[in-house]
Amino acid sequence: MTTYNERLTAPISWWLSALAFGLVWGWILLVATTWTIAIVTALIVSSLCLYGVWRFGSLRLSVDGSGLRAGSALLDDKSLGDVEILHRAEYRARLGVGADARAYLVTRPYLDRGVLVHVNDSGDPTPYWLLSSRRPEALAAALGHTGPTAASDIGEEATHVEEVQEG
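Residues numbered from 1 in each chain as written. Predicted model: local features only at pLDDT ≥ 70, side-chain atom pairs only at ≥ 80, totals over all residues. Heavy atoms only, no water.

1. Quick notes on the sheet that holds strand β8 (residues 128–132)
With mixed pairing, the 4 strands of this open sheet are ordered in space as β5-β7-β8-β6. Every other strand in the sheet has two partners, leaving β5 (80–86) and β6 (104–106) as the edge strands with one partner each. For this sheet the average axis-to-axis angle between neighbouring strands, irrespective of direction, equals 15°. Pairing analysis gives 3 bridges linking β6 to β8, with the strands arranged parallel. Opposite V106, over in β8, you have L131 as the bridge partner. (Pairing = 2+ DSSP bridges. Helix = DSSP H or I, 4+ residues; strand = E, 2+ residues; numbered from the N terminus. Axes fitted to C-alpha atoms, helices over the stretch in contact; angles between N-to-C directions.)

2. Considerations on the pattern of salt bridges
For the structure on display, the rule yields 4 salt bridges. Linking R88 and D112 is a salt bridge whose minimum nitrogen-to-oxygen distance equals 2.4 Å. Here R88, found in helix α3 (residues 88–95), pairs with D112, found in the loop between β6 and β7 (114–119); they are 24 residues apart in sequence, far enough to count as distant. Assessed through its relative accessible area of 56%, R88 is described here as exposed. Residues R102 and D100 are paired through a salt bridge, measuring 2.9 Å at the closest nitrogen-oxygen approach. Exposure remark for D100: the relative accessible area of 24% places this residue in the partly exposed category. Through salt bridges with shared partners, a single network forms among R88, D112 and R113. (Salt bridge = Lys/Arg side-chain N within 4 Å of Asp/Glu carboxyl O. Buried < 20%, exposed > 50% of the residue type's maximum accessible area, 1.4 Å probe, protein only.)

In structure tokens:
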């Protein structure tokens, strides 16, 4: 039984950029060669670029009875640890200076939020999975996260910053 299902897809701007890239190559060859070569080139380059966007931009995240699936990878229920909801600042920190080189990353550059799932398996060298998500709260809830939401954490931090600035 699936409790959570999300398909991550590339934004429309990526699709339009891939199409434009193919058309530019067609235009370049039109100037240098014939219409036929230009059209064939535009179709081939556009098709390859669109396929690349589809392959890279398409990813399924799901939570079911067997555990967490991210693409073809599976983190079984026994290995699921604590879950953290990460919004922009925390997410970027975990991708940069706060990252662990052994972590399993399933991230997409067009998303700036996600979840961090700790791995509870002494035989697995991976400390955590970092996953991009458009709905990190729902994904975390499906994984059993019952702590405060990141939105309330952000509100607490903002209050703390205001208190420090006043004092």
